[in-house]
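# Descriptive structure summary
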Amino acid sequence: MQIISCLKCTVARTLLIWQAYHSLDFQQFCLFLSVFLYAVQGIMQHGESIESRIIGLVECSGEYAIFMYTHRRMAIIPEDVSLQEIVPVSEDLIIEEVFQESHVIGSDTTVKIISRDVDLELQLPFGSQAKIFLQEANKACEELLKQAVSGGFPPQFLWLSKYKQKKGFQLHRSLRMEHANCPSSSSSQKGDSDLLAIKHGGKERDSCMYEDGCDPTPGKYSSALETCSDTSTSCSAHPPATKPEKMKPDITDDKIRKADILPTSKAQILTMPQFGLRDNLIKSELLKQEEKYTYIRNYRIFAGTYNVNGKSPKEDLRPWLSSDSEPPDIYCVGFQEIDLSKETFLFNETPREEEWFIAVSESLHPSAAYAKIKLVRLVGMMLMLLVKKEHAAYVTEVEVETVGTGIMGRMGNKGGVSIRFQFHNTTLCIVNSHLAAHTEECDRRNQDYKDICTRMRFIQSTLPLTSLTIMKHDMIIWLGDLNYRICHPDVEVIKKLIALKDYQKLFKYDQLSKHMEESGVFQGFMEGPINFQPTYKYDIGSDNWDTSEKCRVPAWCDRILWKGSNIKQLEYRSHMALKISDHKPVSAIFLAGIKVVNEELFKKTYENIVRHLDRMENDSIPSVSLSKTEFHFENVKFMQLQVQTLTIANTGLVPCQFEFITKLDEPSYCKPWFSATPNKGILSEGERVEIELEVYVNKFTALSLNMGTDRIDDILILHLQRGKDYFVAICGNYLPSCFGSSLQALCYMKEPIREVKPERIEELERMVKENRSFDIFANEEPLEIPKELWMLVDHLHRNASLQDDLFQQPGLKSEFEEIRDCLDTGIPDFLPGSNHSVTEALLLFLDALPEPVIPYKFYKNCLESSCNYILSKQVVAMLPQVHKNVFNYLMAFLHDLLKNALHNNLDVPTLASIFGTLLLRPPPSATNQDNVIENKKAAQLFIAHLITWKNC
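Quick look at the structure, then. Every value quoted in this text rests on a predicted model; they were computed, and no experiment measured them.

### So, the overall build of the protein
- Helix and strand content of the protein: 27 helices and 30 strands.
- Looking at the protein as a whole, 56% of its 952 residues are labelled buried.
- Within the protein, counting contacts between residues at least 6 apart in sequence, those at least 24 apart form 71% of the total.
- Summed over its atoms, the accessible surface of the protein is roughly 40400 Å², and 50% of this surface lies on carbon and sulfur atoms.

Here is the structure:
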């Protein structure tokens, strides 16, 4: 029996060996220990349920079988796993990876295991563990075929006979067939009543005829052998004629391949299944000792950005994408404003995505073939990641994220899109952003940048040591229309310096470089010397500066910055040949030193870590110390984040894994207004980590705090694997706000809400929630509309009717907080901040209402009457009085704004779409997601009817 000494998946392998040890005698256990090759965790469809499985590949005397185990959620001890099923690897077995047209890299791998009596479909996690398992299984298939070609005997699987009597799992038909008529090659085996027959399709031996009469000859296997390769992830032990028709597309077939699953490098095996503490400790130690088994190899990265001003790709992009003699290894191509239509802005739908992808595909460097890894888009921002086809196998852990920073912090007309991935053993993050426009809006651009950095968090499939943000990557490339301008009072001086090509002097007036030094934006990022003229703004179709009425000042709006070690910029340039937009595209070439795994050194490092953990495992239980166990958050306000830090230090003699765990009968480890980042992780001996404890009240949690049904009060349970639990107390007080309060309750508050007794607020909100009559307040005359709403609308009516881009440009957070405090306290009597900030405050007020202006029970009626103005008016007439007052008040205000459309750039579709989603929201109980776009359009039409009529 061949001895396999390399442990490729330690925890899964160890658990299964332990489990086998409990069921076998010592001799059998030693036998089992030597043959377990590889294990992976997967998901199997079992009837209508989905069940998790540990799948192991076992070898004995050149014969292979797939063992499937059920397991508990966190498998720690042998009793946590149980043998469920055995599938022998025989000639009629097909192990095939299934590819679908919609399958993209980063998704789970779908695998079919098919034979005469087996038809299983498994979902294996995306990453190297699944790929290596498939490679090992396919090697087993190849070994079987080689034996058949060379005239060897088919497998007998006699070693599996001991499992026949084991209860609780399935032994497939091919193992249950008795060799009644087939003499064995060994006299000792002839009399064994437990002799097992091989599956149909094996070579005939001693004139023995099998049930199906199948007698394949060696020649039948030759074509199948030709289809198998060392790197194949889809290989069969059956002649190709019997394979399913749908096969994996060849990566070399097309110049640009669609985003199918890509084979993962066998060398890239750091991503491990989450079976428990040991796996995560091994991964953590491997990351710390990375320098021992990796070396640096240089790759060329092309980064490009282009604001296309809503235009279709009507010109050749090769002067931009293929201007170098040497083809890049990686393309990162970002666009802004690929579509400026209202439909795209409001519903995030556009045909331009496919148009620009095709244009890029046809313009890549002609000396290489590329594979598309990922494409991500948010409204007009789009980012593509493509790599040379020979590198695609080494791209793993691909994730995308988008952040909208437009009005209300959600609209995607401004913000960022990002792709993060691992190339060999280096993590990279590419960000494409479009920040706020206009020369005077530097503070808003800075805020956009900080919002993107804060809110851009990537989902990890493995236990994080810290939260995975943009800055938690080895290399970062940030590109896009950053919109920072050249700030000089005399535009002619700027143009003169451009004509003289005195870019160094001109750069002194650049806003981005100034704010990088003064405002803390893009800290740690680098930008190469700018030796090209400003890329904005040009007359369409020419190289002439803007001659429109606005006559925009030239500026370096389009930029590419980078951060990280082992990366340097080789080129940084604009491309004047492209003229379809009022911007010019920009590109940069980077030489990136990527960490590549040396398999032999990795194996040695891995084994040393495993041996070290084995020695420590039983020495001591883990323990930690906490910097504090009580945290008080004072005067929490609506949409104003408060953060405190908890430091956890490992004071034990062994590494430990910690996690905030869920309390009994509660859905989460904490209340919805709280979060801990990270909420789980690993600490080596003597290591410490800082946990950010965040309290943030939004529209979903404000009402319960106003009503008194919830308090800023919670107990967190910090659990150590194999250790004890620690308790952390969270307390504080919430300052009631009109944001998140109901319309009816606010109408009964004549004074600012901070001056109202908490008992009265709670009583009013309970009456609204329980739909009780307000008869007990019969001697009080309520306001027709909330005073806070009147203050916001009145301010905008008097000051913002002529404001450019009203309801389309976001305000500043700091100004919103001042406006909120003014409304909640009544001090001062006027609203501070810009018109855009007051506008955003109005939208946030409407969005935070527990019951929208048009109550949920009228939602369906509104959609059904959206095509008819008379029917729409009839629905409005049925609204409760305060809701009807507020609705008519808002419609009259919007109607007046449209009178100044030439100045404020407003139109009916824009206003109807914005207010349609705020005033007409689907009930929380609504589950039908199929008609989301249609319902939004119907809501838009309903509001549009009522805006355009004076007498609402």
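### Considering the packing of helix 19 (residues 787–799) against helix 20 (residues 813–825)
- Following both chains from N to C, one finds helix 19 and helix 20 inclined at 135°, their axes separated by 10 Å at the closest point. With respect to helix 20, the element helix 19 is oriented oblique. Remark: the crossing between helix 19 and helix 20 carries right-handed chirality. Between helix 19 and helix 20, the contacting residues are Glu788, Met791 and Leu792 on the first element and Ile819, Cys822 and Leu823 on the second.
- A class-by-class count of the residues in the contact of helix 19 with helix 20 yields 5 nonpolar, no polar and 1 charged.

### Thoughts on a nonpolar patch on the surface
- Together, Leu641, Val643 and Tyr696 make up a nonpolar patch on the protein surface, roughly 240 Å² of accessible area in all.
- Turning to its location among the elements, Val643 is positioned in strand 24 (residues 642–650).
- Its relative accessible area of 41% is what places Val643 among the partly exposed residues.

### Brief notes about the packing of helix 19 against helix 21 (residues 835–847)
- The N-to-C vectors of helix 19 and helix 21 enclose an angle of 145°; their axes lie 10 Å apart at closest approach. Like other packed secondary-structure pairs, helix 19 and helix 21 cross with a definite hand, here left-handed. On the side of helix 19, the interface is formed by Glu788, Leu789, Leu792, Val793, His795, Leu796 and Asn799, while helix 21 contributes Asn835, Val838, Thr839, Ala841, Leu842, Phe845 and Leu846.
- A breakdown of the residues in the contact of helix 19 with helix 21 according to their chemical character gives 9 nonpolar, 4 polar and 1 charged.

### Focus on helix 20
- The end-to-end C-alpha distance of helix 20 is 18 Å, a good match for the 18 Å that 13 residues give at a rise of 1.5 Å each.
- Of all the positions in helix 20, only Glu815, Phe816, Ile819, Arg820, Asp821, Cys822, Leu823 and Asp824 are classed as buried.
- On its buried side, helix 20 packs onto helix 19 and helix 21.
- Among the residues trailing helix 20, Gly826 stands out with phi positive, at a value near 75°.

### What about unusual backbone geometry?
- Of the consecutive residues Tyr536 and Lys537, the connecting peptide bond is found in the cis state with omega at 5°.
- A positive phi angle is found at Glu397, which is not glycine, with a value near 50°.
- Looking at the element boundaries, Glu397 is found in strand 15 (residues 395–404).
- Owing to a relative accessible area of 16%, Glu397 belongs among the buried residues under this scheme.

### Topic: the sheet that holds strand 19 (residues 558–564)
- Read from one edge of the open sheet, 5 strands run 15-16-17-18-19, paired in mixed fashion. The sheet is open, and its two edges are formed by strand 15 and strand 19, each paired on a single side. For this sheet the average axis-to-axis angle between neighbouring strands, irrespective of direction, equals 10°.
- Here strand 16 (residues 415–423) runs beside strand 17 (residues 426–434); their pairing, made up of 9 bridges, is antiparallel. The partner of Val417 across the bridge, within strand 17, is Asn432.
- Packed on one face of the sheet, helix 11 (residues 442–455) meets strand 15, strand 16, strand 17 and strand 18 (475–481) and runs near 135° to strand 15.

### A few points about the packing of aromatic side chains
- Per the stated rule, a full pass over the model turns up 27 aromatic pairs.
- Both rings, one in Trp478 and one in Phe525, keep their centres 6.0 Å apart while their planes meet at 90°; by these two values the pair is edge-to-face. Here Trp478 is found in strand 18, whereas its partner Phe525 is found in the loop between helix 14 (511–518) and strand 19, with 47 residues between them in sequence.
- Classification of Phe525 by relative accessible area gives buried; the value is 7%.
- Between Phe660 and Tyr669 the ring centres are 5.9 Å apart and the planes differ by 25°, which places this aromatic pair in the stacked class. Both residues of the pair, Phe660 and Tyr669, belong to the buried class.
- Taken together through their ring pairs, the aromatic side chains of Tyr306, Trp320, Phe335 and Trp356 make up a single cluster.
- Just above the ring of Phe357 sits the side chain of Lys372; from NZ or CZ to the centre is 4.7 Å.
- In this structure, Lys584 is placed above the aromatic ring of Tyr538, and the distance from its NZ or CZ to the ring centre is 5.0 Å.

Conventions and cut-offs
- Residues numbered from 1 in each chain as written.
- Predicted model: local features only at pLDDT ≥ 70, side-chain atom pairs only at ≥ 80, totals over all residues.
- Heavy atoms only, no water.
- Helix = DSSP H or I, 4+ residues; strand = E, 2+ residues; numbered from the N terminus.
- Buried < 20%, exposed > 50% of the residue type's maximum accessible area, 1.4 Å probe, protein only.
- Contact = heavy atoms within 4.5 Å.
- Areas by Shrake-Rupley, 256 points an atom, 1.4 Å probe, with all protein chains shown as cover.
- Axes fitted to C-alpha atoms, helices over the stretch in contact; angles between N-to-C directions.
- Parallel < 35°, antiparallel > 145°, perpendicular 65-115°, else oblique.
- Left-handed = near helix turned anticlockwise from the far one by under 90°.
- Nonpolar A, V, L, I, M, F, W, Y, C, P; charged D, E, K, R; others polar.
- Patch = residues over 30% accessible without salt bridge, like charges linked within 9 Å, V, L, I, M, F, W, Y side chains within 5 Å.
- Salt bridge = Lys/Arg side-chain N within 4 Å of Asp/Glu carboxyl O.
- Expected span 1.5 Å × (residues − 1).
- Pairing = 2+ DSSP bridges.
- Phe/Tyr/Trp six-rings, centres within 6.5 Å; stacked < 30°, edge-to-face > 60°.
- Lys NZ or Arg CZ within 6 Å of the ring centre and 35° of its normal.

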